[in-house]
Amino acid sequence: MTQVAVIGAGITGITTAYKLLSQGLDVTVFDRNAFSAMETSFANGGQLSASNAEVWNNPATFLKGIKWMLKKDAPLLVHPTPSWHKISWMAEFVIAARSYEENTIATVKLAIAARRHLIEMADAEGIDFDLEKRGILHVYETKSEFDHALRVNEMYRKGGLERRVLDDAGIHEIEPALSGRFHGGFFTESDFTGDIHKYTRRLSEACVRRGATILYDRDVDRLATRDEGGVAVFSRKVGAAGEPERQDFDAVVVCAGVASRKLAAQLGDRVNIYPVKGYSITVNLEDEASREGAPYVSLLDDKAKIVTSRLGANRLRIAGTAEFAGENRDIRMARIKPLIEWCRYRFPGVGTSSVIPWAGLRPMMPDMLPRVGRGKAKGVYYNTGHGHLGWTLSAITADTIAAEVAGDHAGTRVPVRGDLKPVDEVRHEAERLTEAA
């Protein structure tokens, strides 16, 4: 049986492991944490949102980023301290603006295709993850914000996403708990929300039941290709001294989040991921007034760049901001405070005496599309770089890469077209899925 290593036990790694198992492959997952979903997949915004698929490579975003650089509570914060990695990433980010529309449309198509896979896995394994199929409501305070949203909505329409246009009255009819007046909004009934941590943990347990080995508390020191094909994984228990243990596999799928860049370099590939920090708070709804005053419909406030998800009766997740500060996981109260204040302003009935802050690093590619496909060496694959849409896209990219690995090791390998061509491959897969639907 073909033996495959998966590096990373976040949402991308665990969905990949599950799909590989479904292809009849032998799977071993490595993760440096004691459990799955302990880093970027721990406490994100909770939205499974084709309606938030717009890539960020818009000239207007560049201007806002410069304007916000000196504001500690800005939705997008770029620390001015230079590094070659940051500079090269930013340069490629700007260049990718030429593909802004087509990359947005491709991402929408993938997000729509991902829904079925994610729900099917949950149903097959009986996973309760605080699923709320109540849609996502986007709200805009000003005409200029709404006019831009209308242009984005046309791209979404080309990608196959249906949304309702709303006025202020329509917004408050859908979510009466929301405070404030708005120029307009959109409601995407087909989007939904859920707890990424619960989902990933339960799916990892399903992987073990299906025969996977998950090696927790394992630091992967190095990956190396073998002359005869396949990959050697060198790992050790976290904190252990001495030489790392070597294990040989027919293939490896790198799903290691922000660590993917370093591992890819060891394998001869360039995967230019930058860690973009995001923050969230989980508001514990401790009294009846808070539970009644909190929204069940998921929201995205465009001006504040903040999203919400209701996670069961007693929790409200609020997430937002993007911070370019390298591989820094510190929780800064200057970034948490605006989330709390926004909650108090938009939902005055919600008590915020019990709030749990969190920060995680999104693995972001300059063109905002994930890297899904083969590396240069035989047996090397990537499913990484999903940025702020890992929860949204993981189920379909996992299915795609698992089918590719299985096909290659069943003797049907297609020649690699030079270096990674992830944008073309992801776009092609999105178009194929749309045509099939």
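Above: the structure in question.
Because the structure is a prediction, the values reported are computed rather than measured. (Residues numbered from 1 in each chain as written. Predicted model: local features only at pLDDT ≥ 70, side-chain atom pairs only at ≥ 80, totals over all residues. Heavy atoms only, no water.)

Asks: I'd love a proper account of the overall build of the protein chain, names of residues and values included.
Replies: A tally of regular secondary structure across the protein chain gives 12 helices and 20 strands. The C-alpha radius of gyration of the protein chain comes to 21 Å, within 12% of the 22 Å expected for a compact globule of 437 residues. In terms of its C-alpha atoms, the protein chain occupies a principal-axis envelope of roughly 65 × 45 × 45 Å. Within the protein chain, the proportion of its 437 residues that are buried is 58%. The contacts of the protein chain with a sequence gap of at least 6 include a subset with a gap of at least 24, amounting to 75%. In the structure as shown, the protein chain presents an accessible area of about 18000 Å², 51% of it carried by carbon and sulfur atoms. Averaging the positions of the 57 positive and the 57 negative side-chain charges in the protein chain gives two centres separated by 4 Å. (Helix = DSSP H or I, 4+ residues; strand = E, 2+ residues; numbered from the N terminus. Rg over C-alpha atoms; globule rule 2.2 N^0.38 Å. Buried < 20%, exposed > 50% of the residue type's maximum accessible area, 1.4 Å probe, protein only. Contact = heavy atoms within 4.5 Å. Areas by Shrake-Rupley, 256 points an atom, 1.4 Å probe, with all protein chains shown as cover. Lys, Arg positive; Asp, Glu negative; His and termini not counted. Charge placed at Lys NZ, Arg CZ, Asp CG, Glu CD.)

Asks: Can you lay out the sheet that holds strand β12 (residues 245–249) for me, pointing to particular residues and giving the numbers?
Replies: Strand order in the open sheet formed by three strands is β10-β11-β12, with antiparallel pairing between adjacent strands. Edge positions in the sheet fall to β10 (218–225) and β12, since each has one partner strand and no second. Mean inter-strand twist for the sheet, computed between neighbouring axes without regard to direction, equals 25 degrees. Taken together, the five bridges between strand β11 (residues 231–237) and β12 define a ladder with antiparallel strand orientation. (Pairing = 2+ DSSP bridges. Axes fitted to C-alpha atoms, helices over the stretch in contact; angles between N-to-C directions.)

Asks: I'd like to hear about the nonpolar core, residue by residue, with values.
Replies: By size, the foremost hydrophobic cluster in this structure holds 38 residues, and its most contacted members are L20, L118, Y199 and V405. Of all elements in the fold, only β1 (3–7), α1 (11–22), β2 (26–30), α4 (100–125), α7 (196–209), β13 (251–254) and α11 (390–412) reach the threshold of two or more residues within this core. The residues touching L118, leaving out its near neighbours within four places in the chain, are L48, F129, F192, Y199, W391 and A395. If you look at the next biggest cluster of nonpolar residues, it comprises 27 residues, including A50, A114, M155 and A322. (Core = buried A, V, L, I, M, F, W, Y, C linked by side-chain atoms within 4.5 Å.)

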